[in-house]
Amino acid sequence: MKKVLLALSLLTATFALKAQTIPNSSFESWVAYSGFGERPTEWTTTDSITMTFSNNIVHSAIKTTDASSGTAALKLISSSVTVPLIGTTINGPGIATNGKIAASLTSFTFDGGSPTAVRSRFFGGKFKYNPAGANDAAVFTVALLRRNTSTGQRDTVAFGSDTVNYAVSTYTPFSVALQYRDYLNNPDSCLILLQSSRGLNDPGWANGSELIVDELAFTGVVGLDEVSDINRQMTLYPSPANQQLNVKLSAVNSSMREELRIMDATGKEVLRREVSSEQEQFDITRLPSGNYFLNLTDDKNKVFVSRKFVVAH
């Protein structure tokens, strides 16, 4: 009987790992879409759009050999193109998605995605960023979705988004925390967006901003019993932080042991303290500069609130 149970548990674990996999997550596989360009397999990019509008001159998404691992990575480039006949100039980010892109003169819309049945806690990978302007920013966005059989539409199970508005010259991990809206159902798909700038004609947009991305992955699992406590609030300041991180909490539960845990961009815990009041502080002078998450948890590791902050020395 024990052997049977072990076999079933291994089978379940194997399925979960497969379901959590992002297709072509390290951008090693590419396919030609015309005589002038190629795109990463299982992904759609804006490159075919910018190439069409620019007579096959302006690339907004290309393969680069500057990889964190393997032989290739994805480079997204913010660019400016003028629509033929109309004469309208569009300033936009280089975009890649595991779904589909529909473009207009004023916006991009996205649909589709990849199958997944896992309630992941984080989405992340490795990246470099070279903003061409002081106010530009790269964007990482992910949504876990589920088809609603009653409406025929897809409901959002969880959502996360993050921006980087500073130069990163060496491969650095990024991590986007997923905030759950549905604690009753598992997703059936995920939609990922990677952008070298915030959006079309954004005030901070800069021609030539470059985002290189590699080694994408989902990590962690959120259980169906981890019900969100909507009354919990957590405020962090300052951010970026240098020497001290201040934490302001609301509705501290004195009847339950709660902890604050600082996690680095890879999900590794680097600092922890037990909650004793609505005002807490961390000495962060020894933490390397970078992105971090502060999680409010109970003693069973259930996460009530997760907030991102930046350490900059």
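Computed from a prediction, not measured in an experiment: that's the story for all the values here.

**Q** Quick question: what am I supposed to make of the overall build of the protein here?
**A** Helices and strands together make up the secondary structure of the protein, namely 2 helices and 25 strands. Relative to its 313 residues, the protein shows a buried fraction of 45%. Sequence-distant contacts in the protein: of pairs separated by 6 or more residues, those separated by 24 or more amount to 65%.

**Q** Just to check I follow, could you spell out unusual backbone geometry for this structure?
**A** Excluding glycine, residues mostly carry a negative phi; peptide bonds, for their part, are mostly trans. Pro238 follows Tyr237 through a cis peptide bond whose omega is -10°. Positioned with a positive phi, Glu42 is a non-glycine residue whose angle comes to about 75°. One non-glycine residue, Asn56, lies in positive phi territory at about 65°. By the secondary structure assignment, Asn56 is in the loop between α2 (47–53) and β4 (61–64).

**Q** Sorry if this is basic, but what is going on with the pairing of strand β24 (residues 290–298) here?
**A** Both faces of the sheet carry side chains from a regular strand, because those side chains alternate between them. For β24, a buried count of 8 out of 9 residues is recorded, marking the element as mostly surrounded by other parts of the structure. With 7 bridges connecting them, strand β21 (residues 258–264) and β24 associate as antiparallel partners. Bridging from a neighbouring strand, Arg261 pairs with Asn295 of β24. Hairpin connection from β24 to strand β25 (residues 303–311): 4 residues lie between these consecutive antiparallel strands, with Asn301 at a positive phi of about 70°.

**Q** Sorry if this is basic, but what is going on with the nonpolar core here?
**A** Soluble globular proteins: nonpolar side chains tend toward being buried together. Counting residues in hydrophobic clusters, the biggest one holds 33 residues, and the most contacted among them are Phe123, Phe140, Leu194, Leu216 and Phe218. Sorting the residues of this core by element identifies β5 (73–77), β12 (120–130), β13 (138–147), β14 (154–164), β15 (168–177), β17 (189–195) and β18 (210–221) as the ones contributing at least two each. Formed by 19 residues, the second largest nonpolar core is a distinct cluster that contains Val247, Ile262, Tyr292 and Phe309.

Cut-offs and rules
- Residues numbered from 1 in each chain as written.
- Predicted model: local features only at pLDDT ≥ 70, side-chain atom pairs only at ≥ 80, totals over all residues.
- Heavy atoms only, no water.
- Helix = DSSP H or I, 4+ residues; strand = E, 2+ residues; numbered from the N terminus.
- Buried < 20%, exposed > 50% of the residue type's maximum accessible area, 1.4 Å probe, protein only.
- Contact = heavy atoms within 4.5 Å.
- Pairing = 2+ DSSP bridges.
- Core = buried A, V, L, I, M, F, W, Y, C linked by side-chain atoms within 4.5 Å.

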